[in-house]
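Reading the structure
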Amino acid sequence: MKAVCWCGSGKIHVEQVPDPKIINPRDAIVQVKATAICGSDLHLYGGLIPTMKHGDILGHEFMGEIVELGSAVKNLQIGDRVVVPFTIACGRCFFCKRQLWSLCDNSNPNAKMLEKVYGQSGSGLFGYSHLYGGYAGGQAEYVRVPFADVGPAKLPDSITDEQAVMLADVLPTGFMAAENCGIQPGDTIAVWGCGPVGLFAAKSAFWLGAERVISIDRYPERLQLARDFGAETIDDSRDDVFEALTEMTDGLGPDGCIDAVGMEAHGTTLDAWYDRVKQATYLATDRPHALRQAIHACRKGGALSIPGVYGGVLDKVPFGAAFAKGLKIAMGQTHVHRYLRPLIERVQTGFDPAHIISHRVQLDDAPQYYQIFRDKADKCTKVVMRPER
């Protein structure tokens, strides 16, 4: 089959690879109908996540049709259209039973690698390095889905393929990010980043009762999408973010701040340049510029939510400010399984997550569009790919 493969930092190739096979009775094989490039895929593209191997198949946002089932999968049938959560969960461990799906104890066969770095391991992830299990990703014609009796969700005919692929990661991630703010009616929520997760976090904040959402970015097309969802906006290439937020909240600061940027934040301030130099010289793993701003801007007693991916040890993070201001902090990989059903209902009743898609291309175009998406070129906000058949 055809698949998008990682071949080194900055090197993406579309190659012919062996078809996936059922290896466990709880497996399924999904024929991919639509797959997307995620912002966190760019961390792999840039060589910032260790343990990638030449030829690893990328992609954790995908949906498709069941074409083969293991003998233990009784809740699905051949021909079912499904969306697959990017987090892989067994459904039976301590964490899965508490709906902490992304912390599954049984789905990462390489857990010992993460335990050495983080103390404990979360779940396995599709297409996201051998730290997270070495699973082949979904930017391919077919993909093996482990624990298929737990993960894939059947899709109603009224939901399109493009809408469905947004449910694999970015829409649930945005919703969980907003939920982690503990939003009360009338709250003001600030969101750093108008990529897909930041956009869906802004929309979800309104769903959960926020009166105002203020989205922060620098690219006009992304800021416009935030306004389409009802947010006010700050262009951080022109405005001082702290001063703007202070003025817009009458000196109080936002009730909740969402860092939807993560480890590759951009900025023009001194700390942002410091981060870039340290990362370029391999003296740091992450650029936490947006996180620093969020801590600095959040009101006393407010909430800080971090859906943006961080990979290592952060430098110059004002933790003392977070302590002194009594911030409540929540973060982590998304418990996608928890949110799929209610979000499918949101899409069925009129919300169109495909609104953020700017480019629709074929799988063969992946190398070109990884670069375009990374560089925010051609007004690119989200890329969806379809395997050619």
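Read on for an overview of the structure. (Residues numbered from 1 in each chain as written. Predicted model: local features only at pLDDT ≥ 70, side-chain atom pairs only at ≥ 80, totals over all residues. Heavy atoms only, no water.)

Under the defined criterion, the tally for this structure stands at eleven aromatic pairs. Where F62 meets F126, the ring centres are 5.2 Å apart and the plane angle is 90°; that geometry is what we call edge-to-face. Taken as a pair, F62 in strand β5 (residues 61-69) and F126 in the loop between β8 (124-125) and β9 (142-145) lie far apart in primary sequence, 64 residues in all. On the basis of relative accessible area, F126 is assigned to the buried category, the value being 2%. (Phe/Tyr/Trp six-rings, centres within 6.5 Å; stacked < 30°, edge-to-face > 60°. Helix = DSSP H or I, 4+ residues; strand = E, 2+ residues; numbered from the N terminus. Buried < 20%, exposed > 50% of the residue type's maximum accessible area, 1.4 Å probe, protein only.)

We now examine the packing of helix α4 (residues 170-179) against helix α11 (residues 336-348). At a closest axis distance of 9 Å, the pairing of α4 and α11 adopts a crossing angle of 105°. Classified by the angle between their axes, α4 and α11 sit roughly perpendicular to one another. For the pair α4 and α11, the contacting residues are L171, P172, F175, M176 and E179 in the first and V336, R338, Y339, L343 and V347 in the second. Across the contact of α4 with α11, the residue classes break down as eight nonpolar, no polar and two charged. (Axes fitted to C-alpha atoms, helices over the stretch in contact; angles between N-to-C directions. Parallel < 35°, antiparallel > 145°, perpendicular 65-115°, else oblique. Contact = heavy atoms within 4.5 Å. Nonpolar A, V, L, I, M, F, W, Y, C, P; charged D, E, K, R; others polar.)

Below, the discussion takes up the environment of K300. Tracing the sequence through the fold places K300 in the loop between α9 (289-297) and β15 (303-306). For the pair K300 and Y135, spaced 165 residues apart in sequence, the C-alpha separation works out to 42 Å.

So, about the sheet that holds strand β11 (residues 188-192). The strand order across the open sheet built from six strands is β13-β12-β11-β14-β15-β16, with neighbouring strands paired in parallel fashion. Looking at the sheet topology across the chains shown, the edges are occupied by β13 (232-235) and β16 (328-331). Within the sheet, the average angular offset between the axes of one strand and its neighbour, ignoring direction, is 20°. Bridge analysis of β15 against β16 gives four bridges, and the strand direction is parallel. Considered in β16, the bridge of L304 is made with I329. (Pairing = 2+ DSSP bridges.)

On to the nonpolar core, then. By size, the foremost hydrophobic cluster in this structure holds 77 residues, and its most contacted members are I189 and Y370. In this structure, Y370 is in contact with V4, I12, I37, D41, L42, Y45, L58 and Q139, ignoring residues within four places of it in sequence. The next biggest cluster of nonpolar side chains, apart from the first, holds 22 residues, and it includes V73, C93, W101 and A148. (Core = buried A, V, L, I, M, F, W, Y, C linked by side-chain atoms within 4.5 Å.)

Moving on, we come to the sheet that holds strand β2 (residues 12-16). Spatially, three strands are ordered β2-β1-β4 in an open sheet, and the strand pairing comes out antiparallel. If you trace the sheet from one side to the other, it starts and ends with β2 and β4 (56-57), each paired once. With five bridges joining them, strand β1 (residues 2-6) and β2 adopt antiparallel strand pairing. Bridge assignment links V4 to a residue of β2, and that residue is V14. On top of the sheet, helix α12 (residues 366-375) reaches β1 and β2; it is set at about 155° to β2, its chief contact.

Okay, the pattern of salt bridges next. Where side chains of opposite charge bring their charged atoms close, a pairing between them can arise. Following the criterion strictly, the structure yields 16 salt bridges and no others. Ionic pairing is found between R222 and D217, a salt bridge with its closest N-O pair at 3.0 Å. With respect to class, R222 is no different from D217; both count as buried. The partner of D235 in a salt bridge is R238, with the nearest N and O atoms 3.4 Å apart. Under the relative-accessibility criterion, R238 is labelled exposed at 66%. Through salt bridges with shared partners, one network takes in R81, D161 and R386. (Salt bridge = Lys/Arg side-chain N within 4 Å of Asp/Glu carboxyl O.)

What follows deals with the environment of M331. Within the secondary structure, M331 is located in strand β16. Setting aside anything within four residues of it in sequence, one finds M331 in contact with N180 and I306.

The set of residues buried in α12 consists of A366, Y369, Y370, I372 and F373. For α12, the elements touching its buried residues are β1, β2, β3 (28-37), α1 (41-45), β17 (359-362) and β18 (383-386). With its phi angle positive at about 55°, K376 sits one or two positions after the end of α12.

The backbone phi angle of Q99 is positive, close to 60°, even though this residue is not glycine. The topology assignment puts Q99 in the loop between β7 (87-88) and α2 (111-118). For K316, which is not glycine, the phi dihedral falls at a positive 60°. With respect to the secondary-structure elements, K316 resides in the loop between β15 and α10 (319-324). Assessed through its relative accessible area of 54%, K316 is described here as exposed.

Next up on the list: the pairing of β13. As paired elements, strand β12 (residues 212-217) and β13 share four bridges and run parallel to each other. The partner of S215 across the bridge, within β13, is T233. In this fold, β12 hands off to helix α6 (residues 220-228), which returns the chain to β13; that crossover is right-handed. (Right-handed = clockwise from strand over helix to strand, strands pointing away.)

Time to look at the packing of α4 against helix α5 (residues 196-207). Between α4 and α5, the least distance of the axes is 7 Å, while the angle of their chain directions is 50°. Considering the angle they form, α4 stands oblique to α5. As for the relative orientation of α4 and α5, their crossing is right-handed in sense. Between α4 and α5, the contacting residues are V170, L171, T173, G174, F175, A177 and A178 on the first element and P196, V197, F200, A201, S204, A205 and W207 on the second. Its residues placed into classes, the contact of α4 with α5 shows eleven nonpolar, three polar and no charged. (Left-handed = near helix turned anticlockwise from the far one by under 90°.)

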